[in-house]
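# Secondary and tertiary structure notes
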Amino acid sequence: MPKLDFLDFHTKFIAFEKMVRANRTRCDTRFAEVVHDRLADALQRLAGFCREGNQAETMLRTETDPTAREALEEIINFCVGDLETSGGGFYPWHLLDCIDPEMDWGGYRDPVAEMWCPHPIPKRFTVADEHLHGLSEIIARIAAETGIRFTTYLYYDCIGPEGAKSLDPEIYEKPIGNHRYG
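This section reports on the structure supplied with the text. Worth saying up front: this structure is predicted, and the values here are computed from it rather than measured. Here the residue numbers are simple positions, counted from 1 along each chain's written sequence. Residue-level local features of this predicted model are given only where pLDDT is at least 70; pairs of side-chain atoms are given and counted only at 80 or more, and the full residue set underlies all totals for whole chains, interfaces and linings. For side-chain calculations, the full set of non-hydrogen atoms in the structure is used, while hydrogens and water are omitted.

When helices and strands are counted, the protein shows five helices and five strands. Along the protein, helices and strands appear, N-terminal first, in the series α-α-α-β-β-β-β-α-β-α. Principal-axis analysis of the C-alpha atoms places the extent of the protein at approximately 65 × 40 × 25 Å. Accessibility here uses a 1.4 Å probe with only protein chains present; expressed as a share of the type maximum, an area under 20% marks a residue as buried, one over 50% as exposed, and anything in between as partly exposed. Relative to its 182 residues, the protein shows a buried fraction of 42%. Sequence-distant contacts in the protein: of pairs separated by 6 or more residues, those separated by 24 or more amount to 66%. The positive charge centre, built from 20 side chains, and the negative charge centre, built from 31, are 4 Å apart in the protein. Starting at the N terminus, helices and strands are each numbered in turn, a helix being any DSSP run of H or I of at least four residues and a strand any DSSP run of E of at least two. Any pair of residues with heavy atoms lying within 4.5 Å of one another is described as a contacting pair. This count recognises Lys and Arg as positive and Asp and Glu as negative, with His and chain-terminal groups excluded. By convention, the charge on Lys lies at NZ, on Arg at CZ, on Asp at CG and on Glu at CD.

Right under this line is the structure:
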């Protein structure tokens, strides 16, 4: 595996954050604005992990004390771990409801019933781009260029024909199983 280039990733995360903030101006619902804000904040956090890792790498180049070198290497490892798990041990990074694939058994973990479901995550759980105002394309580009994945799952099939404007804010302000936003 090639060495992680913290500066390259930092640049990408900052560029994507700017793209998300610019795209947010197209939003016509509070729901879409909230999801945009969460993604922009997540990208800021990821860029912060990269800054911290880069600083530790820079200091490591000149550090001669073995104990200090070990501490700097540990910081770098934590930064890599935070990038791999999206910080805080969650991967992928859920912007709404926390619906995780069950890697060992296939299927997914139902966040309400708290049980394993033996089939793929239903497509109906993924919020359509028409309700996200172009954010799905940005999320796909982030995954392609960085390997970091974000999800936009809503457990309840609750966005009706009238769109996201009619959603009860409780549905997306306190997503199911997602301790980041609740």
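Quick look at the nonpolar core now. Ranked by size, the top nonpolar core spans 39 residues in total, and within it Phe-13, Phe-31, Leu-39, Leu-43, Leu-46 and Phe-150 carry the most contacts. Mapped by element, the contributors of at least two residues to this core are helix H1 (6–24), helix H2 (30–62), helix H3 (66–85) and helix H4 (135–146). Of all the elements, H2 adds the most residues to this core, at 13 residues. By nonpolar core we mean a set of buried residues, namely Ala, Val, Leu, Ile, Met, Phe, Trp, Tyr and Cys, connected to one another through side-chain atoms within 4.5 Å. Ranked by size, the runner-up nonpolar core spans seven residues in total, among them Ile-99, Cys-117, Ile-121 and Phe-125.

Any Lys or Arg side-chain nitrogen located within 4 Å of an Asp or Glu carboxyl oxygen qualifies as a salt bridge. For the coordinates displayed, the defined rule picks out eight salt bridges. Salt-bridge contacts for Glu-33 lead to Arg-30; the nearest nitrogen and oxygen are separated by 3.7 Å. Here Glu-33 and its partner Arg-30 are both found in helix H2, three residues apart, which amounts to about one turn of the helix. Taking the relative accessible area as the measure of exposure, Glu-33 reaches 22% and is therefore partly exposed. The class for Arg-30 is partly exposed, based on a relative accessible area of 44%. Residues joined in a network through salt bridges with shared partners are Arg-24, Arg-30, Glu-33 and Asp-37.

This part takes up H1. In this scheme, a helix's expected span is set at 1.5 Å multiplied by one less than its residue total. Between its first and last C-alpha atoms H1 spans 27 Å; for 19 residues at 1.5 Å apiece the expected length is 27 Å, and the two agree. By the burial criterion, the buried members of H1 are Phe-6, Phe-9, His-10, Phe-13, Phe-16, Glu-17, Val-20 and Asn-23. For H1, the angular spread of the buried residues around the axis is 155°, confining them to a single face. Exposed positions of H1 whose direction lies more than 90 degrees from the buried face are Thr-11 and Lys-18. Residues of H1 that are buried make contact with H2, H3 and H4. The backbone nitrogen of Leu-7 has a side-chain oxygen 3.1 Å away, supplied by the residue at the start of H1, namely Asp-5. Throughout, the arc means the angular range of directions from the helix axis out to the C-beta atoms. Counted as a polar contact is a pair of N or O atoms within 3.5 Å, where, for protein atoms, one must be capable of donating a hydrogen and the other of accepting one, and residues adjacent in sequence contribute only when both atoms are in side chains.

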